[in-house]
Amino acid sequence: MAFVEFIDVTKTYHSGSVEVHAVNGMTFSMERGELVVIVGPSGAGKTTVLNMLGGMDSATSGTILLDGRKISGLSERELTLYRRHDIGFVFQFYNLVQNLTALENVELASQICRDPLPADQVLEQVGLADRMDNFPAQLSGGEQQRVAIARALAKNPKLLLCDEPTGALDYQTGKQILKLLQDTCRTTGHTVAIVTHNSAFTQIADRVIEVREGRAAREQTNEHPADALVVEW
Amino acid sequence: MRRAYVTEILRSIKGSLGRFLAITGIVALGCGFYAGLLMCGPDMRAAADALYDGTNLYDIRLVSTMGFTRADAERVRDVAGVRASMPAISVDAMARLGEEQMAVRIGSLDIDAAKASESQGASAILSDDGSYLNRVFLREGHWPSAADECVITADKAVAGIGIGDTIEAIYGSVSLDEVLVSRTFKVVGTVSSPSYPYTGSFGSTTLGSGMIGEYLYVAQDAFVEDVPYTEMYLTVEGADSLESGSDAYQELVDEVTARLEEHEDELAQARHDDLVSAAQATLDERKAEFERERADAQRELDAAKEKLDAAAQEIADGEQEYADGLAQLEQSRVQLEEGQRQLEAGEAQVASGTSELLAQLSSQGMQASTLAEARAALERSRDQVSEGIGSVAALEAASNYVDELKAKVARYEDFIAELSGEPLGTSIEQARAALATALETTRELAAELEELAEDPEAEDAVVRSAAWMAEQARQLETRLVQLDHYAELLLQAREDLASAQQELAQLEEQLASAPSREELEATRTRIAEGLSAVSQLEAAQRQVESSRTTIAEGWRQLAAGQDELAAGKEKLDAGRREYEEGLATYEKSRAEAQSAFDDAQRQLDEAQERIDTIEVPDLYVLDRTKSEGAATYHADTMRMDSIAAVFPFIFFLVAALVALTTMTRMVEDDRVSIGTHKALGYDTAQIAAKYLAYASAAAVTGAAIGIAALSQVLPIVVTSAYSIIYAIPLQAFPLPVSVPIALRSGLLGVGVTLLATWGAVVSSLREAPATLMLPRAPAAGKRILLERVTPIWSRMSFSWKVTCRNLFRYKRRLFMTVIGISGCTALLLVGFGLHDSIWDIIDGQYGPIIHYDTTVALDDDATELDARDLVDYLEGTGEVTGIVRVQQENMQAGVDAKGETIRVSVVIPQDEHITDVITFRDRRTHEEHAFAENSVMLTEKLSLKYGLAPGDTVLLFDQDEIGNVRGEGHPLTVTAVAENYVGNLVYVGRDAWASVSDKTLPFSTVFASTTPDDAVRSALAEDLHGREGVSTVVFTDETINLYRNMLSVVDMIVVVLIVSAGALAFIVLYNLTNINISERVREIASLKVLGFTRGEVYAYIFREIAILALLGDVLGLGLGILLERFVVTTAEVDYVMFGRSIHPASFGWSFALTMLFTLLILFLMRHKLNRVDMVESLKSVE
């Protein structure tokens, strides 16, 4: 069994009397330790997939499994614990707490989960050893995103979910971040899922899931993914 | 303004209703409170004015030291500006009401006018009688109709007294008998009187505790006829159209007051003249009466004296009689004794005579031993002699008889011879025969002659011879009859002679041996002598016997006489005693009468002197400000005004802060839109106008709602709270809204909000449109001071760190929250603290300071002996301890003879044991002051009022009946200031008092402690009331209860404050939380995504609010202390000092309640937090 399984998952939103099928019979899987890129145009349903996978939203029907555990159908409280212990989340806009230093932002996450990685170590790992005591406002966008990644990693999650991690960053910095994510996946063995509209990212992925109109239109694996630094877009 | 613009504003209101309501709410609170509180005073004054006008309450009251008459009423009415005048009587008395005794005021009521009046609504009474002032509302029962009926107040309950019960007036400030017809009054109804609006005290008096506890209205005829009116009530022309207590009203009344004062002298003089002439007339009458009575009494005395003298004469006569009787008795006794002696001599004589006689008889051969025997013997002898003599006499008689018979025989023989014509010695037959022959012959001749004569021719001679011959014949016939008769007699006599001769012979024979007649006669004479001697002796004997009887009788009579005399003597003695008693009584009566007359004379003289020295009365012109009830009420409304002026500032401050933060947030939210507008070419003013319009819409709505609601609610709450102690009816709903106040309050509220809004908007608008289009750079995180304290900081969890940093990051919010919450806490603390301060009056006074719980006061005329008796009695009950005697004087205190004074109770303890029942100490240090003979201790409030400290001089003034200061005051040097809450007192040692008065102090008040048991106390009270001289018995518990009742007003205000504090807390915290959440939606969503549980999210967000609330709470306690102090000193009245400390529990409550409000709001705000969608975290920053 795959590490992550999406089996015929449907998500329907009710907007007035109109039913909108954001995800409609989505089926895909991921293996442990893979760098997965979920790609698709705006409105294809990738954010919904992200929400469901990240435990922020529940599926209308279908089954979602993570490491053999059924995620779909969990209660709100269980979902909270799921997010807490199993998921690391990297936001497009970093979502750091402005009033905490880099280190504290990492601790914010690590303090609530079962067996966190040491915050300073993680920050070192993401290359911010000497910026640990700075406030987000004192850091550049890339640095902030590094902090965000460190925050996600510190929880030692089963799955690292990244929502357009480079969306708010310039090209070079974006590359650096991608590199960091790729390296993280490689060196720590974390399963990393990147949600993006940028199909260029597919080159660095072990697995690419292309989403279109609420379905996994194509799912393919790369035997030899490219290094993040050499990818161009 | 363009329609699109208006639409946008409307939409923005709709889209942010919470924000809009927050501003509306706080402005409503601020304006409402300000307007509402400010209107309390005017509304209360208006209510009082309505009552005063509606009941035709007096504007001016005249009091004279000598009262008034109807004539005075007329005189006063003539003074310009006076509309109506009504004289009335009132008298203060100590009365027994059920179990209690208290001072009451008994006032006259015009019953006819009262009956004819009709109440209209709660504050007006209609009457046709324009001079019926101070009209009274009948609440229950009926008007008094008899002299012993009364109505009492309906506005204050006195335990155990209601309709049907009886009130007894015991004694008064003046002699009640001179004023009242009846001393007991049956309650027939209850009333409300505008003259007594303050139910805490109906006025002050010189009696009892100095406070009038109940008022009674009685009919005019309950007062003694001709008692002068004690006061006169006036209304001023035009005063009813002005509000009582207002400057205009006071000015108008002052004008008339001044005019009355101008007329004062002539009014007083008129009254004086009336009084003197009336009094003189009465006195003259009395004098005449006195003289009459004195004459009557003298007459009576004289009559009594006369009677007594007569009695004395009678007694003297009796005594003379008694003496005479005694002499007579003595004489009788002497006589009796003489008689006795004679008797004894007579007896001896008789005895010797008898024995002589007896001897003589014996010698004659008659043996006798007693006189009786002698007599018997003598009589026997006499009989024998008589017999002898009889025999002799019989012989002689017989012999005589014989002789007689012989003579008789001879005489018959003569007759016969004569008749017969025959010689003597012829026999009878012969004599008879001879005669019979003669007769025959004659008869034959007569018969022949008769024949002849019968011939008719016979001669006369023949006829005559015939008659003669017939006659001869008849004579012869008669002779013959006689002869027969003598013949018979002769025969008889011869026979008798024969028997007599025979008898004689016998007798002669018999007498042959008998003594002779002479002898017999001699014997007979002797016997007769003897008998006569016996008779004499017997007579003597009898006389002796009779004398003996007489003498015995004499002795008896003597004894009887003695008895009689003794009885007489006794009677005489009784009579004398009676007389003496009568005399004594007379003397006494005379003396008494004399002294009574002397007294009366003296009284008359004194009365005359009094009349001669009647002074022109003092006249006092008093307006409503001198009426305790009306003045207290007015002062309370003014106090309300000053509290109202300060209180709502918190609300305005918070309103400004709320507006500022809210509008800042709104502007921030609208950054892009503002930028867009700017880019589109709108100018600053136009853009700002939106926010100003938004804010004004909220503020104006809030102000309108707040003012409309609270200008009704607050005055109603406050007035009804005050109605516990004031009998002034609430005004009809809706209460008038004062336009100036409403405008002022509304403008203030709206202005403050707009100013804050302008402040919030103006900074953003200065930025260039381009910058505005970008999201505002998040405020940078900053290190705070606390981080430098590594040991603490490093131990804090990230969320605490965030909280701490956030607290200092948003300063506006910090201020708004801290000030708002501190306002909330402060309001609560003011409420609770006010409660404490006021209840501390009681709790601080009774227990820590006053240890006695029983006050027994004696009458003014009680003696030292009465007081000692009382103390002995109290000690004897075993239920009373700590007995201390003091003297209490009602005086006035001040620092300047011309300046203001206040009433004080001066207490002069008999000895230093006063400290056993009263603790004199400093309020702050609790250091106790010793009480010495030269001590002059002021209670704290009094010392504060005049700024007096130990060493300063206080003036104590005497006061007259009406409470006016008399004299220049007695200066005393203050030695200490003592903690005290109720009343203003001066404790003066005996030595110090000596400089005020040299009168001997009776120490007629006793302080003591009694076992706190109702049964014991009521038994004690009953005993004490029954005792001579005891005037009042007060258990402090009763006083405490009275205060508790009065002070329950405060609880109402506490409730108002708690509610408004809650509202304030709600608005501030709601607003804060709202802003906090909406501003940090992204952060919250991120945290949720990170796997924060609900609890952790709440803690993360709410901790901050809780800490701010906590901070505000603590600060509020400080603010509250200041505010409470202000309110307490403003609300305080002269008579009491409020407690100066707030209890720890009140701090606790205020703190806890604020936190409770905070938690409640946070609890409600959870939903908002729960609704934050995690998807927000994915959204781009605007």
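Conventions we followed
- Residues numbered from 1 in each chain as written.
- Chains lettered and ligands numbered in written order.
- Predicted model: local features only at pLDDT ≥ 70, side-chain atom pairs only at ≥ 80, totals over all residues.
- Heavy atoms only, no water.
- Helix = DSSP H or I, 4+ residues; strand = E, 2+ residues; numbered from the N terminus.
- Buried < 20%, exposed > 50% of the residue type's maximum accessible area, 1.4 Å probe, protein only.
- Contact = heavy atoms within 4.5 Å.
- Areas by Shrake-Rupley, 256 points an atom, 1.4 Å probe, with all protein chains shown as cover.
- Buried area = accessible area lost by both parts, 1.4 Å probe.
- Polar contact = N/O pair within 3.5 Å; in protein donor to acceptor, adjacent residues only side chain to side chain.
- Axes fitted to C-alpha atoms, helices over the stretch in contact; angles between N-to-C directions.
- Parallel < 35°, antiparallel > 145°, perpendicular 65-115°, else oblique.
- Left-handed = near helix turned anticlockwise from the far one by under 90°.
- Nonpolar A, V, L, I, M, F, W, Y, C, P; charged D, E, K, R; others polar.
- Pairing = 2+ DSSP bridges.
- Core = buried A, V, L, I, M, F, W, Y, C linked by side-chain atoms within 4.5 Å.
- Patch = residues over 30% accessible without salt bridge, like charges linked within 9 Å, V, L, I, M, F, W, Y side chains within 5 Å.
- Salt bridge = Lys/Arg side-chain N within 4 Å of Asp/Glu carboxyl O.

Caption draft 1: Quick look at the overall build of chain B. A tally of helices and strands in chain B yields 27 helices and 23 strands. Buried positions account for 47% of the 1182 residues belonging to chain B. Sequence separation of at least 24 residues holds for 82% of the intrachain contacts in chain B that already meet a minimum separation of 6. Split by element, the accessible area of chain B, about 56600 Å² in all, is 54% carbon and sulfur.

Caption draft 2: Examining the overall build of chain A more closely. Helix and strand counts for chain A stand at six helices and ten strands. A total of 233 residues make up chain A; the buried ones form 61% of that total. Expressed as a percentage of contacts within chain A between residues at least 6 apart in sequence, the contacts between residues at least 24 apart total 71%. Taken as a whole, chain A presents about 9000 Å² of accessible surface, with 44% of it coming from carbon and sulfur.

Caption draft 3: Spotlight on the interface of chain A and chain B. Of the residues lining the interface, 31 residues belong to chain A; the matching set on chain B comes to 34 residues. With both chains or domains summed, chain A and chain B bury close to 2800 Å², and 59% of this area falls on carbon and sulfur atoms. Across the chain A-chain B interface, the total number found is ten residue pairs in polar contact (both at pLDDT 80 or more). When contributions to the side of chain A that touches chain B are tallied by element, the ones reaching two or more residues are helix H1 (46–53), helix H2 (76–86) and helix H3 (102–110) of chain A. In terms of residue count, H2(A) provides more of the side of chain A that touches chain B than any other element does, five residues in total.

Caption draft 4: The arrangement of the packing of helix H26 (residues 1094–1131) of chain B against helix H27 (residues 1144–1170) of chain B in detail. Residues and elements named next belong to chain B. Closest axis-to-axis distance for the H26/H27 pair is 9 Å, and the angle between their directions is 150°. The angle between H26 and H27 places the two elements in the roughly antiparallel class. As H26 packs across H27, the resulting crossing turns out to be right-handed. When the residues that make up the contact of H26 with H27 are grouped by side-chain class, the tally is 17 nonpolar, four polar and three charged.

Caption draft 5: Examining the sheet that holds strand E2 (residues 82–88) of chain B more closely. Residues and elements named next belong to chain B. In spatial order, the strands read E2-E12-E1-E13; together these four strands make up an open sheet with antiparallel pairing. In this open sheet, the two strands that pair with only one neighbour each are E2 and strand E13 (619–623). Across the sheet, the mean angle separating the axes of adjacent strands is 20° when strand polarity is ignored.

Caption draft 6: Up close: the nonpolar core. Residue and element names in this part refer to chain B. In this structure, Ile 914, Ile 918, Tyr 987 and Leu 1064 are the most contacted members of the largest nonpolar core, which totals 155 residues. Broken down by element, the residue count for this core peaks at 18 residues, all from helix H2 (residues 17–54). With sequence-adjacent residues up to four places away left out, Tyr 987 is seen in contact with Ile 850, Val 907, Ile 918, Phe 920, Phe 931, Ser 935, Val 936, Met 937 and Thr 939. Membership of the second largest hydrophobic core comes to 43 residues, among which are Phe 68, Phe 223, Tyr 229 and Ala 239.

Caption draft 7: Summary view of a nonpolar patch on the surface. A cluster of nonpolar side chains, contributed by Phe1066(B), Leu1160(B), Phe1163(B) and Leu1164(B), occupies part of the molecular surface with about 400 Å² of accessible area. Secondary-structure assignment places Phe1163(B) in helix H27.

Caption draft 8: Region of the structure containing the side chain of Thr919(B). Residues and elements named next belong to chain B. When you line up the elements, Thr 919 lands in the loop between helix H20 (914–917) and strand E17 (936–939). The class of Thr 919 is buried, set by a relative accessible area of 9%. In terms of polar contacts, Thr 919 uses its side chain to reach the side chain of His 851, at 2.4 Å. Dropping the residues within four chain positions of it, Thr 919 is found in contact with Pro 848, Ile 849, His 851 and Glu 928.

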